[in-house]
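Overview (structure and organization)
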Amino acid sequence: MNAGTRPLVVGVDGSEPSLRAVDWAADEAVVRGIPLKLVYACLWDRYEGAALAQDLGRPDGRPTPQDVIGAATRRAHARQPALEVTSTVVFDAPEYALVHAGREAAAVVVGTRGRSGLAEMLLGSVSLTVAAQADCPVIVLRGSHDNQVTPPVHGRVVVGVGEHPEHSAAVAFAAAEALRRQVPLLAVRAWRCPAIETTDNPRLADTPAQVHEEQAVKALDEALHDLSPAVDVVRRTVEGPARQVLVDASHRADLLVVGARRTEGRFGLQLGRVAHAALHHSACPVAVVPHPE
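Residues numbered from 1 in each chain as written. Predicted model: local features only at pLDDT ≥ 70, side-chain atom pairs only at ≥ 80, totals over all residues. Heavy atoms only, no water.

Concerning the environment of Arg79
As for its placement among the helices and strands, Arg79 is situated in helix H3 (residues 65-79). C-alpha separation for the pair Arg79 and Ala25, spaced 54 residues apart in sequence, amounts to 9.9 Å. The contacts of Arg79, once residues within four sequence positions are left out, are Asp23, Ala26, Asp27, Asn147 and Gln148. There is a polar contact of 2.5 Å between the side chain of Arg79 and the backbone oxygen of Asn147. (Helix = DSSP H or I, 4+ residues; strand = E, 2+ residues; numbered from the N terminus. Contact = heavy atoms within 4.5 Å. Polar contact = N/O pair within 3.5 Å; in protein donor to acceptor, adjacent residues only side chain to side chain.)

This is the structure:
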């Protein structure tokens, strides 16, 4: 491997779901031919320190950061013995540590569950924050990902084609993933016919819908125009809200890819409605790919 190759970063927290995320990320790193970097971020040691922890008494059997990162490293090596694996412990909030790690990563992989009910809620917010702020693609392991990249379960990568298809980094990312996995790429463009354009004249009733569907077909053609002929592309236009159309498609996919056009909100950068819905409801892993500024 080239020494300058950016690694695939995966966040770990010591939970079994995060170790399953290590399995998935190890497979993905091998498929990409890049190293895997494990990142464990925690605040306990930073804010309490060894002396304070001794005074208060840590719970017996509480894993240390070295325990957590060690278990994840062994898991990665067991999954892919020849894979180059590095690790780091960061005494900071997980979302900030992973966003920072993403600046030098090919992509960041995160799970959606933690070690307890509370941790599960917090890790969900971590996933959303990292997806909204990372400079690189973020893959959130939602749904029944079966802990594997290959062999494929459904044999399909799905990408949603958005409002600006000619600049879609998501399409390029999805095409590369489909090629690596040797599966077809399903490109989906949702369309809707506004109610105000409908008519009571039966002879004209289908005209507005036909126009919108034709526009969707044109958008797909523009988005896919520059893809390599090696990519096996299936085009599909579907009437309905984009959020629901893509969630429905996720039930028959190994990976759902959506673009992220971030906006500034009351609480910092926010994901668009489609990406947000995919992260909450997808039945398979979701890759959130930022649009270049």
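Following the structure, the description resumes.
What to know about the confidence of the model for the chain
The share of residues in the chain with pLDDT of 70 or more is 79%, and the mean pLDDT across the chain is 83. In the predicted structure, residues 46-57 sits below a pLDDT of 50 and forms 7 contacts with residues beyond four places in sequence or in another chain. Predicted confidence is poor over residues 114-123, with pLDDT under 50, and the contacts of this stretch with residues over four places away or in other chains come to 14 contacts. (pLDDT = per-residue confidence, 0-100.)

What to know about unusual backbone geometry
Put simply, Thr150 and Pro151 share a cis peptide bond, and its omega is -5°. You can see Pro151 is positioned in the loop between strand S5 (138-140) and strand S6 (157-160). Backbone geometry at Gln182 places phi at a positive 60°, although glycine is not the residue there. By the secondary structure assignment, Gln182 is in the loop between helix H6 (169-181) and strand S7 (185-191). The exposure class assigned to Gln182 is exposed, which follows from its relative accessible area of 73%. (Buried < 20%, exposed > 50% of the residue type's maximum accessible area, 1.4 Å probe, protein only.)

Let's talk about the pattern of salt bridges
Enumeration according to the criterion identifies 10 salt bridges in this entry. In this structure, Asp23 engages Arg75 in a salt bridge whose closest nitrogen and oxygen atoms are separated by 3.0 Å. One end of the pair, Asp23, is in helix H1 (residues 16-32); the other, Arg75, is in helix H3, and 52 residues separate them in sequence. Owing to a relative accessible area of 23%, Arg75 belongs among the partly exposed residues under this scheme. Arg32 is the salt-bridge partner of Glu177, the closest N and O atoms lying 3.1 Å from each other. Placement of the pair is Glu177 in helix H6 and Arg32 in helix H1, with a sequence separation of 145 residues. Each of the two residues, Glu177 as well as Arg32, counts as buried. (Salt bridge = Lys/Arg side-chain N within 4 Å of Asp/Glu carboxyl O.)

Quick look at the packing of H1 against H3
The geometry of H1 relative to H3 is characterised by a closest axis approach of 9 Å and an angle of 40° between their N-to-C directions. Of the possible angle classes, the one that applies to H1 and H3 is oblique. Every pair of crossing elements has a handedness; the one defined by H1 and H3 is right-handed. In this structure, H1 uses Glu16, Leu19, Arg20, Val22, Asp23, Ala26 and Asp27 to contact H3, whose residues at the interface are Ala71, Ala72, Arg75, Ala76 and Arg79. Considered class by class, the residues forming the contact of H1 with H3 number 6 nonpolar, no polar and 6 charged. (Axes fitted to C-alpha atoms, helices over the stretch in contact; angles between N-to-C directions. Parallel < 35°, antiparallel > 145°, perpendicular 65-115°, else oblique. Left-handed = near helix turned anticlockwise from the far one by under 90°. Nonpolar A, V, L, I, M, F, W, Y, C, P; charged D, E, K, R; others polar.)

Comments concerning the sheet that holds strand S3 (residues 85-90)
In space, the 10 strands of this open sheet follow the order S3-S2-S1-S4-S5-S12-S9-S6-S7-S8, with mixed pairing throughout. Where the open sheet ends on each side, the last strands, each with one partner, are S3 and strand S8 (233-239). Recorded for the sheet is a direction-independent mean angle of 25° between the axes of neighbouring strands. Two strands pair when backbone bridges link them, and S6 and strand S9 (residues 255-260) are joined in this way by 3 bridges, in the parallel orientation. (Pairing = 2+ DSSP bridges.)

Structural notes on the environment of Pro35
Assignment of secondary structure puts Pro35 in the loop between H1 and strand S2 (36-41). As a C-alpha pair, Pro35 and Val9 span 26 residues in sequence and 8.7 Å in three-dimensional space.

Some words on the side chain of Ser168
Examined against the element boundaries, Ser168 turns out to sit in the loop between S6 and H6. Separated by 3.2 Å, the side chain of Ser168 and the backbone nitrogen of Val171 make a polar contact.

As for the packing of H1 against H6
Between H1 and H6, whose axes approach to 10 Å, the crossing angle comes to 90°. With respect to H6, the element H1 is oriented roughly perpendicular. Between H1 and H6, the contacting residues are Trp24, Glu28, Val31 and Arg32 on the first element and Phe173, Glu177, Arg180 and Arg181 on the second. Within the contact of H1 with H6, the residues separate by chemical class into 3 nonpolar, no polar and 5 charged.

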